[in-house]
Amino acid sequence: MSSHLKDTFKHKGKRKILIAELVEMGIKDQAILDAFNEVPRHFFLDLAFDEQAYTNMAFQIGSGQTISHPFTVAFQTQLLDLHKAEKVLEIGTGSGFQTCILCKLGVRVYTIERHHDLHDKARRMLTFLNLNARMNFGDGYKGMPSHAPFDKILVTCGAPEIPEELLKQLKIGGLMVIPVGEGKEQKMLRIKKIAEDDVDIEEFGTFKFVPMLERTVK
Ligand code: SAH
């Protein structure tokens, strides 16, 4: 295990400052703030970014992908309005940081990543942190039909449109939080499935995500 997988007082101190910033930016849910306090974000980054791990920035995590800004992770999580033991599907495991935040909130997590290297690395990190999620290598557009329906679905990559298949796998009454947009920017949407063929959609500002792409990469 690499030497930077130590959670020092310095890291913990910086984490407290980041959490204060998240509060300033409108994250009010104490359980989410506690989860941020418990997951060492620097473990998910290259040693080169160790000093900056607790700034509100995105970083490269390999395979051309990035770990989301802490605010974005907190904001999407807050929009999900989670309750313990709910079944949550995450599309875009990436570093696994968001996956860990979900685990700490006591929900049952299913996550999918299309890059094999990232999937594998994230899986090892969750094991190291003693956290339990069903981690799948696959194409998130397909969801996980064998485990559907889900109470909540969280998409952490920018989708050109709302994926129909994922909507099918959402419970009636369930929520999907997803950045949607064709170009470099997406609108953060929260979609409530109110009937088999009816949804309510709320919009929550503009964000920049890496694109949601089809097919897996070995
Ligand atoms: N939640 C992640 C965010 C990573 S960025 C984190 O906290 O680090 C988004 C991720 O979505 C990338 O790793 C990208 O490879 C992945 N992705 C893009 N399209 C996908 C798809 N169709 N299925 C699964 N993962 C996908």
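Residues numbered from 1 in each chain as written. Predicted model: local features only at pLDDT ≥ 70, side-chain atom pairs only at ≥ 80, totals over all residues. Heavy atoms only, no water.

Q: Let's hear about the site of the ligand: which residues, and what values?
A: What surrounds the ligand is a group of 26 residues, the closest being Ser95, Glu113, Asp139, Gly140 and Leu213. Contact distances for the ligand include 3.2 Å between a nitrogen atom and a side-chain N or O atom of Glu90. Within the contact set of the ligand, a nitrogen atom lies 2.7 Å away from a backbone nitrogen or oxygen of Gly140. Here the ligand has 580 Å² of accessible area as a free molecule, and 99% of this is covered by the chains. Taking a 2 Å distance to the grid points as the criterion, the majority of the atoms of the ligand fall inside the largest pocket. Only strand S2 (65–67), strand S3 (87–91) and strand S4 (108–113) provide two or more residues apiece to the shell around the ligand. Here the shell around the ligand takes three residues from S2, the largest share from any one element. A breakdown of the residues in the shell around the ligand according to their chemical character gives ten nonpolar, twelve polar and four charged. (Near = heavy atom within 4 Å. Polar contact = N/O pair within 3.5 Å; in protein donor to acceptor, adjacent residues only side chain to side chain. Areas by Shrake-Rupley, 256 points an atom, 1.4 Å probe, with all protein chains shown as cover. 1 Å grid on protein atoms, 1.4 Å probe; cavity = no way out; pocket = protein on both sides within 12 Å on 5 of 7 lines; lining within 4 Å. Sits in = over half its atoms within 2 Å of the grid points. Helix = DSSP H or I, 4+ residues; strand = E, 2+ residues; numbered from the N terminus. Nonpolar A, V, L, I, M, F, W, Y, C, P; charged D, E, K, R; others polar.)

Q: Outline the environment of His42, listing residues and values.
A: Mapped onto the secondary structure, His42 falls in the loop between helix H2 (30–38) and strand S1 (59–62). On the basis of relative accessible area, His42 is assigned to the buried category, the value being 0%. C-alpha of His42 to C-alpha of Gly173: the two residues are 131 residues apart in sequence and 36 Å apart in space. Ignoring anything within four residues of it in the chain, the contact list for His42 reads His4, Lys6, Asp7, His11, Arg15, Asp50, Ala53 and Tyr54. At 3.3 Å, the side chain of His42 and the side chain of His11 are in polar contact. (Buried < 20%, exposed > 50% of the residue type's maximum accessible area, 1.4 Å probe, protein only. Contact = heavy atoms within 4.5 Å.)

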